[in-house]
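If you want the building blocks of each chain, they are given just below.
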Amino acid sequence: MTTGLRPVEEHDLPFLRRLMSDPDSTGEFQWYGFQNPHHLRRRWEEHGMLGDDGGILIIADGDDRAGFVSWNKQVADRASFYWSMGLIVAPEFRGRGYGTQAQRLIARYLFDHSTVNRIEATTEITNVAEQRALEKAGFTREGVLRGVGFRAGRWHDGVLYSMLRADLES
């Protein structure tokens, strides 16, 4: 497995749409209902899925697309911000370490190309596989977020993870 990250290309848009809108592909913890089918194309045409406030990169294994990572700017205070990141791995690539490797790569990328000191990720408390992947990638579990996410008709508790710039240097 040679996992890397690369920018989204136009031919990736159906793949992204599948991972974001197809309940069989999103996975149990990412299905939030159908989405506007034109939204991704508009974002890609506007800024290629890479902007000052966040972006999306494809998780690639050679020529294969294994999933995607995304990040968004979160304002901490008047003087600083941090990144909130997440990912979806395609069903045919799950359970093979792609998520862990992609989380390491996106953390390194974000620290190398911005001044942030913190990256955080959340997942549902019952998503044990994602919690393991985040911990293997070097993220630290900070605590439980009660009733933080609405999915499948009810509120779910989440788990907050973070990585600081110093965590990569140690």
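Procedures and definitions
- Counting from 1, residues in each chain are numbered in the order their sequence is written.
- In keeping with the predicted nature of the model, local features appear solely for residues at pLDDT of at least 70, side-chain atom pairs appear and are counted solely at 80 or more, and the whole-chain, interface and lining totals rest on all residues.
- Water and hydrogen atoms play no part in the side-chain values, which are based on all heavy atoms of the structure.
- Definition of nonpolar core: a set of buried residues of the types Ala, Val, Leu, Ile, Met, Phe, Trp, Tyr and Cys, connected through side-chain atoms within 4.5 Å.
- Burial here depends on accessible area, computed with a 1.4 Å probe over protein chains only, as a share of the maximum for the residue type. Under 20% is buried, over 50% is exposed, and the range in between is partly exposed.
- Starting at the N terminus, helices and strands are each numbered in turn, a helix being any DSSP run of H or I of at least four residues and a strand any DSSP run of E of at least two.
- Residue contacts are defined here by distance: any two heavy atoms, one from each residue, within 4.5 Å place the two residues in contact.

A. Representation of the nonpolar core within the structure. If you look at the biggest cluster of nonpolar residues, it comprises 38 residues, and the most contacted ones within it are Leu16, Ile119 and Phe139. For this core, the elements supplying multiple residues, two or more each, are α1 (13-21), β3 (54-61), β4 (64-77), β5 (80-89), α4 (98-112), β6 (118-124) and β8 (154-164). Sorting elements by how many residues they give to this core places α4 first, with 6 residues. Sequence-distant contacts of Phe139, that is, excluding residues within four places in its chain, are made with Met85, Gln103, Ala107, Ile119, Leu134, Tyr161, Ser162 and Met163.

B. Representation of the environment of Ser25. Relative to the elements of secondary structure, Ser25 occurs in helix α2 (residues 23-26). You can call Ser25 buried: its relative accessible area is 4%. Taking the C-alpha atoms as reference points, Ser25 and Val89, separated by 64 residues in sequence, lie 8.8 Å from one another. Beyond its immediate sequence surroundings of up to four residues, Ser25 is in contact with Arg18, Leu19, Ile88, Pro91 and Arg94.

C. Structural context of unusual backbone geometry. Not every positive phi belongs to a glycine, and Met49 is a case in point at roughly 70 degrees. By the secondary structure assignment, Met49 is in the loop between α3 (39-47) and β2 (50-51). Owing to a relative accessible area of 0%, Met49 belongs among the buried residues under this scheme. Unusually for a residue other than glycine, Ala152 sits at a positive phi of about 55 degrees. Here Ala152 is to be found in the loop between β7 (140-151) and β8.

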